[in-house]
Amino acid sequence: AGFIGGNFVRHLFDKYPKYHIVVLDALTYAGTIDNLPVDLNRNPDPRFEFWYGNVRNAELMAEVVSKVDVVFHFAAESHVTRSIHDNLLFYETDVIGTQVVANAVLQNRNRIERFVHISTSEVYGTAEKRLMDEEHPLKPRSPYASAKCGADRLVYSYYTTYKLPIVIVRPFNNFGPRQHLEKVVPRFITSCILDEPLTVHGDGRAARDWLYVKDHCEFLDRLLHVDIGKVAGEVINVGTAESLSVVDLAKIIPARMGIKKPKLATIPNRPGQVDRHTADIRKARRLLGWEPGTSFEKAIDETIEWYTKNQLWWEKQLWMRSIPITDETGKRMLH
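In this text the structure is predicted, and so the values were computed from the model without any measurement. As a convention, each chain's residues are numbered from 1 in the sequence order in which they are written. Residues qualify for local features only when their pLDDT is at least 70, as the model is predicted, and side-chain atom pairs are given and counted only at 80 or more; totals for whole chains, interfaces and linings, by contrast, use all residues. The side-chain quantities take in all heavy atoms of the structure and omit both hydrogens and water.

Engineer: Go over the sheet that holds strand E5 (residues 166-171) with me, naming the residues and quoting the values.
Structural biologist: Spatial strand order, E3-E4-E5-E10: four strands in an open sheet with parallel pairing. Of all the strands in the sheet, the pair left with one neighbour each is strand E3 (70-73) and strand E10 (235-238). Shown here is a sheet whose adjacent strand axes are inclined to one another by a mean of 20°, direction ignored. A pair of strands is considered paired only if DSSP assigns at least 2 bridges between the two. Helix and strand assignments follow DSSP, with helices taken as H or I runs no shorter than four residues and strands as E runs no shorter than two, numbered in order from the N terminus. An axis is simply a line fitted to the C-alpha atoms; with a helix, the fit covers only the stretch in contact. Between two such axes, the angle follows the N-to-C directions and lies from 0 to 180 degrees.

Engineer: A description of the environment of Cys217 should follow, citing residues and the corresponding values.
Structural biologist: Relative to the elements of secondary structure, Cys217 occurs in helix H7 (residues 213-225). Three labels apply to residues, based on accessible area from a 1.4 Å probe with only protein chains included: buried if under 20% of the type maximum, exposed if over 50%, partly exposed otherwise in between. On the basis of relative accessible area, Cys217 is assigned to the buried category, the value being 3%. Each C-alpha atom of the pair Cys217 and Val155 lies 21 Å from the other, and the pair is 62 residues apart in sequence. Here, two residues are considered to be in contact whenever any of their heavy atoms come within 4.5 Å of each other. In contact with Cys217, other than residues within four places in its own chain, are Asn7, Phe8 and His11.

Engineer: Kindly report on unusual backbone geometry, identifying the contributing residues and their values.
Structural biologist: Of note in this structure, Arg178 is not a glycine but carries a positive phi near 70°. Inspection of the secondary structure assignment puts Arg178 in the loop between strand E6 (173-175) and helix H6 (184-193). Of the residues examined, Arg178 reaches a relative accessible area of 17% and is grouped as buried. For Asp195, which is not glycine, the phi dihedral falls at a positive 60°. Structurally, the position occupied by Asp195 is in the loop between H6 and strand E7 (198-201). Residue classification places Asp195 among the exposed positions, given a relative accessible area of 55%.

Engineer: Explain the environment of Thr120 to me, using residue names and the numbers behind them.
Structural biologist: The topology assignment puts Thr120 in the loop between strand E4 (114-118) and helix H5 (143-162). Given a relative accessible area of 6%, Thr120 falls into the buried group. Distance from Thr120 to Ile168, taken between C-alpha atoms, is 9.3 Å for residues 48 residues apart in sequence. Those residues within four positions of Thr120 in sequence are excluded, and the remaining contacts are Tyr144, Lys148, Val169, Arg170 and Pro171. Distance and chemistry together define a polar contact, namely a pair of N or O atoms within 3.5 Å, with one atom able to donate a hydrogen and the other to accept it when in protein, and with adjacent residues in sequence counting only for side-chain atoms on both sides. A polar contact is formed between the side chain of Thr120 and the backbone nitrogen of Glu122, at a distance of 3.0 Å.

Engineer: So what's going on with the pattern of salt bridges? Which residues, and what values?
Structural biologist: Any Lys or Arg side-chain nitrogen found within 4 Å of a carboxyl oxygen on Asp or Glu counts as a salt bridge. Under the counting rule described, the total for this entry stands at 19 salt bridges. Across the salt bridge formed by Arg56 and Glu92, the nearest N and O atoms sit 3.4 Å from each other. Separated by 36 residues along the polypeptide, Arg56 in the loop between strand E2 (48-52) and helix H2 (58-65) and Glu92 in helix H4 (residues 87-107) bring together distant segments of the chain. Given the relative accessible area of 34%, Arg56 is considered partly exposed. Two residues, Lys263 and Asp195, come together in a salt bridge whose shortest N-O distance is 3.5 Å. Placement of Lys263 in the loop between helix H9 (246-256) and strand E12 (264-267) and of Asp195 in the loop between H6 and E7 is noted, with a sequence separation of 68 residues between them.

Engineer: How would you explain the nonpolar core if you had to name every residue and give the values?
Structural biologist: Here, nonpolar core means buried Ala, Val, Leu, Ile, Met, Phe, Trp, Tyr and Cys residues that are tied together by side-chain atoms lying within 4.5 Å of each other. Counting residues in hydrophobic clusters, the biggest one holds 41 residues, and the most contacted among them are Phe219, Leu223 and Val231. With five residues, H7 is the single largest residue contributor to this core. With residues up to four places along the chain from it excluded, the contact list for Phe219 reads Val169, Ile236, Asn237, Val238, Ala284, Leu288 and Trp290. In terms of nonpolar packing, the next biggest core, distinct from the first, is built from 25 residues, Leu60, Val68, Tyr158 and Ile166 among them.

Geometric descriptors of this kind do not, in isolation, establish any biological role.
As structure tokens, this is what we get:
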């Protein structure tokens, strides 16, 4: 019921009317039943089943996994800055939770046709070459990245040890509708709507590969339907093979919203900052015939339109945009 998972569930629900979808979510601050395709209170649907629970609950996970034949594991604490503020929760959810999910798949191996683990490009650290392929060294630079790196390698070990039908996906920076305001794209868009300064870390030159979440859903759709023998045991990047700096983003978004001279505010760089991420997506093209189908400009425009029309969805998150952290000198600041 979070951002990427919620968008993917909607994608499946709308496109495949014969599929039965089971969702488990702990409904933390970043997850909400408002992200789901079904109104659980007013209009339940027999095709859709929701379980409220935590991935660390082994008994519960075994029961839920026993009901399905495919598992997509999105559940994770996912914000770099928040991991600096509260790193224990990230290891509990991202590592231990993943181990519990993997064990549930192992217990139900006779019925699970594929297990797709959603990792992250953050496991790579800063780009050491122009395009980061799946063999790029893993050098995570934050508690979040290292927790996801541990989960990534743990899942791979279940493929090599138990020969489970596992695929690991490493998405680059996603954006789109229903993303929490702690992330930079919705934070910039909503700051423009509210006529606030756009806050940039450091000089803003940190660059990312910005992937529209709807293109990510199309990628996962292909991964769901490809012959599992073609992708089992594989790690696959999903991105655009292009990167854009945060300071450029802080110019583009206001311009697309008709703001000629945006107000910018700067704060010190975030500890563990990654300088640049740019995906090499040749493997996704080769194995799945996939590449992103939406231009960055169209994706940004659609995202702006969604946040403009859905203020009631995001305004209750405003107080969570800033997080207190301590830098390497011991200084406390809001990021």
